[in-house]
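# Fold and contact review
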Amino acid sequence: MPTKTAWNSAWATRVAVGIAAWAAVAVAAEGRLLWSTPSHLRSTSPEGGPPPEPVVADGLVAWTVGGAIHAVRLDDGSPLVRGPRESTVVTSLSLLFPAAAAPAEARLSRPCLHAGRLFATVVAKAREGGQAARIVAIDCSPAGGGRVEWYSAVPAGSVAFEGPPWIDGERLLSIVAGDGPRATRRLVAFDLFDGRLLETRPATTHDRPPDAVGPRVAAGRGRVVLATDRTIECQIEEDAHR
């Protein structure tokens, strides 16, 4: 008959295996914590740094860290993408982008979520040398499962995007920097659904994305998403229990 110590050890091993099978761990909502998942900031920057700025919309939580976009479901912290991945090496179940076909060593803006799609600006090494700046659209719907829908490049005469994109009706807006010392900043508008360039004009002081809300984001129904240099957590605010 197994000893109590052996039984406890076997039980602890089973629990550890179960936790390792999920990147996000759902926790009984007896207290504040609903779920927690690694932010992956420490894996890309061992010394830490400012926490990610999570974005919450459409039942998803997304954040950018270390040249990658991560996303989990708001309700339980489970990964958005399940089953086989495009990436040959999957280091995190929350990893959404880049996949194997995406630009290597990409730098990404804060993501923008709207109507089941995720948008972000990407700066990566170009094949011919230098850098290439593009906007990426990712289908985060249950049917899309995190696939890349389209890329769009900066218009001719521009060199890079400035800051994250934002939504205006059915248009995706962003600010681009011009090429040359006298170049002006321009506002560009893309079609949300296929990435076509719809408009470009000189930017004004009123053309800017919404301010970042920081590492703490209200998520409705008394929930709050909190980012640290180690984790992304979903909690119940204390007032919600009263």
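Basis of the calculations
Residues numbered from 1 in each chain as written. Predicted model: local features only at pLDDT ≥ 70, side-chain atom pairs only at ≥ 80, totals over all residues. Heavy atoms only, no water. Helix = DSSP H or I, 4+ residues; strand = E, 2+ residues; numbered from the N terminus. Buried < 20%, exposed > 50% of the residue type's maximum accessible area, 1.4 Å probe, protein only. Contact = heavy atoms within 4.5 Å. Areas by Shrake-Rupley, 256 points an atom, 1.4 Å probe, with all protein chains shown as cover. Phe/Tyr/Trp six-rings, centres within 6.5 Å; stacked < 30°, edge-to-face > 60°. Pairing = 2+ DSSP bridges. Axes fitted to C-alpha atoms, helices over the stretch in contact; angles between N-to-C directions. Core = buried A, V, L, I, M, F, W, Y, C linked by side-chain atoms within 4.5 Å. Salt bridge = Lys/Arg side-chain N within 4 Å of Asp/Glu carboxyl O.

Here we come to the overall build of the protein. Looking only at helices and strands, the protein has two helices and 18 strands in total. When each of the 242 residues of the protein is scored for burial, the buried share is 42%. Sequence-distant contacts, at least 24 apart, represent 45% of the contacts inside the protein between residues at least 6 apart. Element-wise, carbon and sulfur atoms account for 54% of the exposed surface of the protein, whose accessible area totals about 13,300 Å².

Looking now at the packing of aromatic side chains. Evaluation of the coordinates by the stated rule reveals two aromatic pairs. Considering the side-chain rings of Phe-119 and Trp-150, the 6.1 Å spacing of their centres and the 45° angle between planes classify their relative orientation as tilted. Of this pair, Phe-119 sits in strand β9 (residues 117-125) while Trp-150 sits in strand β11 (residues 147-153), and the two are 31 residues apart along the sequence. In this pair, the class of Phe-119 matches that of Trp-150, namely buried.

Moving on, we come to the sheet that holds strand β3 (residues 55-57). Spatial strand order, β3-β4-β5-β6: four strands in an open sheet with antiparallel pairing. Looking along the sheet, the strands with just one partner apiece sit at the ends: β3 and β6 (95-97). Each adjacent strand pair in this sheet contributes to an overall mean axis angle of 30°, direction not counted. With six bridges connecting them, strand β4 (residues 60-65) and strand β5 (residues 68-73) associate as antiparallel partners. Bridged to Thr-64 within β5 is Ile-69.

Residues Ile-69, Leu-96, Phe-97, Leu-108, Leu-118, Ile-138 and Cys-140 are the most contacted members of the largest nonpolar core, which totals 18 residues. Of all the secondary structure elements, the ones that give two or more residues to this core are β4, β5, β6, β9 and β10 (131-139). Per-element accounting of this core gives the leading share, four residues, to β9. Apart from residues lying up to four places away in sequence, Ile-69 is in contact with Trp-63, Thr-64, Ser-94, Leu-95, Leu-96, Phe-97, Leu-108, Leu-118, Ala-120 and Ile-138.

What follows covers the sheet that holds strand β15 (residues 197-202). Reading across from one edge, β12-β13-β14-β15 is the order of the four strands in this open sheet, with antiparallel pairing throughout. Only two strands of the sheet have a single partner each, and these edge strands are β12 (158-168) and β15. Ignoring which end each strand starts from, the neighbouring axes of this sheet average 25° apart. Of the pairings in the sheet, the one linking β12 to strand β13 (residues 171-178) comprises seven bridges and is antiparallel in character. The residue bridging Ala-160 from the neighbouring strand is Ala-177, located in β13.

This paragraph deals with the pattern of salt bridges. One pass over the structure, following the stated rule, counts 13 salt bridges. Residues Glu-53 and Arg-110 are paired through a salt bridge, measuring 3.7 Å at the closest nitrogen-oxygen approach. With a gap of 57 residues between them, Glu-53 in the loop between α2 (41-44) and β3 and Arg-110 in the loop between β7 (107-108) and β8 (112-114) connect regions that are remote in the sequence. Linked through salt bridges whose partners overlap, the residues forming this network are Asp-168, Arg-171, Glu-199, Arg-201 and Asp-207.

Take the side chain of Ser-158 next. Relative to the helices and strands, Ser-158 is located in strand β12. The residues contacting Ser-158, other than those within four sequence positions of it, are Val-176, Ala-177 and Gly-178.

By themselves, these figures tell us nothing about what the structure is for.
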